[in-house]
Amino acid sequence: MQTRHAQRLIRRRSASAWLLLTSPMLIAQGTTPSTLAPASTPAHQIFDLSVFVVAITGGIFLVVGGLLAVALYRFRARKTDPLGEPAQIYGSTQVELAWTVIPVLIVVVLFLTTARIIFAIQDAPKPKTALDVTVVGHQFWWEFRYPKYGVVTANELHIPVSSAGAPTATFLKLTSADVNHSFWIPQLAGKTDLIANHVNTMWMDPQKPGLYLGQCAQFCGSQHAMMLLRVYVDTQEQFGAWIKNQQQPAPQDSAVEAGRTVFERQACMNCHTISGTAATGRFGPDLTHVMSRSTLASGAMDNTPANLRQWIKSPDTFKRGALMPAMQLTDEQLDKVTAYLETLK
Amino acid sequence: MSYYPLSVSQVIDPSTSASERVTFLEKLHGWVVTVDHKRLGILYILYSTFFLLVAGAEALMIRIQLAYPHNHVLSAQVFNRFFTMHGTTMVFLVGMPFLFGFANYIVPLQIGARDMAFPRLNAFSFWLTAFGGFLLYYSFLGGAGLYGVGNAPDVGWFAYAPLTERSFSPGHATDYWALALIVSGFGTLGTAINIIATVISMRCKGMTLMRMPLFTWLLLIVSMLTLVTITPLTAAQFMLLIDRYLGGHFFDTQAGGSSLIWIHFFWIFGHPEVYVLVLPAFAIASEVIPVFSRKAIFGYPAMVAASVAIMFVSLSVWAHHMFTVGMTSVSNAFFTLSTMLVGVPTGIKIFNWIATLWGGRIRFTTPMLFCIGFLFQFLIAGLTGIMLSVSPWDWQLHNSYFVIAHFHYVLVGAIVFCIFAGIYYWYPKATGRLMSETLGKWHFWLFTIGFHITFDTMHCLGLLGMPRSIYTYQPDRGWNFLNLVVSVGGLIQGIAVLIFAYNFIVSYWHGEVAGDDPWDAWTLEWTTSSPPPVYNFEDEPEVHSRRPLWDLKHPDDPDWEYES
């Protein structure tokens, strides 16, 4: 009991030192993807562990760095030094033994503390209420599949908030369609790689609704920097409504029939799916409800009609190296297909 | 005393027989065909200094691009090439050749030998390494393959498959990368074998293993480690080329291959490689710190034991680069523990260096300043290393700027600092002239300040969630100001390195004449002239302790009476 209490005390004290150290960084935070503002259990556990580790390593730094500074000051060569060389000391078994044994003890403490958190996060049992999402990494965008709901979307993940009354963790299964990627939302959990032929898992249970930012954390090719990631943590009601909307087939609006024809007769449909139409391609993002997303091209730009038109006309403008080709559409075709896509709410 | 009627110098020294002037071409020819370990050592050092400037320029371009969000100085493709080339160059064309350059020049002198064990292998290895470097840089011209011009490798220095497979990296850039590393890898192996053979079989009379200078000890350990680490990299490169050209599927995930195999191979090479680079830095510090503290190294046997321990433990920690690939919790725990354990022998070394300073009379010359910078920075690098070994925290920090900051603290703050210390320390031996102390201190202070502005700030960026390898970032992430600071620090370091380059060149002609032993040092290389004659020593030296020159200078109080 007593050690527990002491540990908590150390934590609290070092936490304030840690905050002091990083306060300029905290000022810089808004919705920034900072590891210092955890908002989900795994991220919290990691943060608490990191405070403990900083306390220990900080202590080591003060002791060793202090000794170094004292040695440099006290034993600097002076004009008043007597002639000849200082006394030669070749070593001391006792002293050397001491500074071997003490680090070993520190390692033992650090390791045991760390191991507890490794198992707590990595081997946490999946609750029955958990939401399953499959994440597939692509060059350079994210595919999200909700197998239980039959929903497929891209780049902007929606998950429900977890509260004490209704704990809802989200468990992700991660894999890749091409090269390696890494899923990282610093405020929600540590990162996990997406690797082809290999399924990884991770989980998070965000406690506050809102938008959480992140991006791909494993270099994956020319537009790795524009493989941005947004996670919307919704209230249970918002999430239910969102899922319901995503489950609908694409709206059929006869006013934009011409644009739909362009989409289906050009190569667009080879890569993109719009449910309820002939377009069932899977190489690019599912566009059934593309207008429900706030960004395009995995966060490369805001989702506005002008940006959408320019993106279809020339993807290189925003994201040179993205795998979507410029389709050489005429201005008229561009207008039509943009108008059509604008209806996919 | 001598049995021969002529002394060796009269027989070998060309100046006694030929007084005609040597033309430039003859001189050049002499350097190209040389098998002299000292000339090869100098060639290694010049070669890596050249690439240090190139890689530094690449780093500055990277920092200019990242100074502001949404900057357009470099395109995404060019940025990716630059960071790939910067990393590959610094590790393979700067770090290793620098250290082998020191090894080549110093080890035979320190053990009282006339040359390396295999002088021709030595020349062959150097030219292979050099050819590998030029092959890598030729990719800027020749890597075009199917795509336009200027297609240098752009897959990161870690080159994670399957990004390197032909479906994702068409053209020849990746081939140049793989071939260049295979070729220079063979050069490295040759030198490593040579150093081992030299240290084992060429030591002078009285130099038992436990009387070897620590520099030589560490280079022996590094060479053994090199034999174990370079081979898996070379094997992986061959597998990659088989995938790319002979229809293999080792890493080709589209055909059932495994990316994880590459990652394992790469880090089984890559982590010990860090120690291949940092142990020679320790070696330099272990020479410089005692000399300028005016004391024998504290705990010599413990230093040797700790180095051997680091060699072995470093072979079992590679997967700490892989905490995020989805290993089991038990594997993660194992590699957490093994990584933390490296801290123990490393800690012993730091404590022993401080104990060497303790009670000394510290002279703050330029080489010593760089070693003090090394001690301070390596302490921090070790502690951030402990943080990264905590695998749950690593899930956050991995591939972020925190990691970039950590390994630059090791590679620059420890290794490059020690390389500078070594250059200032042995330059008078190799050229007969001292480098300017005034410029040296400017270099040290500017470089240290720039270093801390850049890399201390990078830690913060990592904690704020900035991933590595991105050519630009969004302005709303809270990273703008810190990135600008990092870039400014980079610029200051660039200026410091230019001062160093100027000092390095000008001192050759205008430096103060050094004499044989300008630092009042204790190892054998300081007994011979500066620069040493081709044959190093007229008579084979005989040593009775770890500090033969101390014994010579203090006949009333020799070391051998105290050494255990």
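Residues numbered from 1 in each chain as written. Chains lettered and ligands numbered in written order. Predicted model: local features only at pLDDT ≥ 70, side-chain atom pairs only at ≥ 80, totals over all residues.

Trainee: Lay out the environment of A:Phe119 in plain terms, naming residues and giving numbers.
Mentor: Residues and elements named next belong to chain A. Within the secondary structure, phenylalanine 119 is located in helix H3 (residues 93-122). The partly exposed category is assigned to phenylalanine 119, around which 15 C-beta atoms lie within 10 Å. Along the sequence, phenylalanine 119 and glycine 190 sit 71 residues apart, while their C-alpha atoms lie 14 Å from each other. (Helix = DSSP H or I, 4+ residues; strand = E, 2+ residues; numbered from the N terminus. Buried ≥ 20, exposed ≤ 12 C-beta atoms within 10 Å, placed from the backbone.)

Trainee: Which residues make up the nonpolar core, and what values go with them?
Mentor: Residue and element names in this part refer to chain B. In this structure, Cys371, Phe374, Ile415, Cys418 and Ala421 are the most contacted members of the largest nonpolar core, which totals 265 residues. Looking at this core, the element that brings in the most residues is helix H13 (residues 401-431), giving 23 residues. Sequence-distant contacts of phenylalanine 374, defined by excluding residues within four places in its chain, comprise Ala281, Ala285, Ala414, Phe417, Cys418 and Ala421. (Core = buried A, V, L, I, M, F, W, Y, C linked by C-beta atoms within 7 Å. Contact = placed C-beta atoms within 7 Å.)

Trainee: Report on the interface of chain B and chain A, specifying residues and quantitative values.
Mentor: Facing the 74 residues of chain B at the interface are 78 residues of chain A. Of all the elements in the fold, those that place two or more residues in the side of chain B that touches chain A are helix H4 (76-110), helix H8 (259-293), helix H9 (300-314), helix H10 (329-357), helix H11 (366-389), helix H12 (391-397) and helix H14 (437-463) of chain B. Looking at the side of chain B that touches chain A, the element that brings in the most residues is H10(B), giving 15 residues. Of the residues in the side of chain B that touches chain A, the class split is 42 nonpolar, 26 polar and 6 charged. (Nonpolar A, V, L, I, M, F, W, Y, C, P; charged D, E, K, R; others polar.)

Trainee: Describe the domain arrangement of chain A, with residues and values.
Mentor: Residues and elements named next belong to chain A. Taken domain by domain, chain A consists of domain 1 (2-122), domain 2 (131-247) and domain 3 (254-342). At the interface, 12 residues of domain 1 touch 15 residues of domain 2. Residues belonging to the side of domain 1 that touches domain 2 are distributed by class as follows: 7 nonpolar, 5 polar and no charged. (Domains from an automatic or database assignment.)

Trainee: Account for helix H6 (residues 173-201) of chain B, naming residues and giving values.
Mentor: An ideal rise of 1.5 Å per residue puts 42 Å on 29 residues; H6(B) measures up with 42 Å between its terminal C-alpha atoms. Most of H6(B) sits out of view: 21 of its 29 residues are buried. (Expected span 1.5 Å × (residues − 1).)

Trainee: Now, about the sheet that holds strand S3 (residues 151-154) of chain A: what can you tell me, with residues and values included?
Mentor: Residues and elements named next belong to chain A. Across the sheet, which stays open at both edges, the 5 strands sit in the order S3-S2-S1-S5-S8 with mixed pairing between neighbours. The open sheet has two free edges, formed respectively by S3 and strand S8 (200-204), since each of these has just one partner strand. Sheet twist, expressed as the average angle between the axes of neighbouring strands with direction ignored, equals 25 degrees. Note that strand S5 (residues 170-176) and S8 share 5 bridges and pair antiparallel. Within S8, the position partnered with leucine 172 by the bridge is methionine 202. (Pairing = 2+ DSSP bridges. Axes fitted to C-alpha atoms, helices over the stretch in contact; angles between N-to-C directions.)

Trainee: Mind laying out unusual backbone geometry, listing which residues take part and the relevant values?
Mentor: Here A:Gln139 and A:Phe140 are connected by a cis peptide whose omega angle stands at -5 degrees. Its place among the elements puts A:Phe140 in the loop between strand S1 (131-138) and strand S2 (141-146). Of note, the amide linkage connecting B:Ser530 to B:Pro531 takes the cis form, showing an omega dihedral of -10 degrees. Tracing the backbone shows B:Pro531 in the loop between helix H15 (480-510) and helix H16 (548-553). The phi dihedral of A:Gln328 is positive, around 55 degrees, even though this residue is not glycine. Looking at the element boundaries, A:Gln328 is found in the loop between helix H8 (316-319) and helix H9 (331-342). The backbone phi angle of B:His70 is positive, close to 50 degrees, even though this residue is not glycine. Position of B:His70 among the secondary structure elements: in the loop between helix H3 (37-66) and H4.

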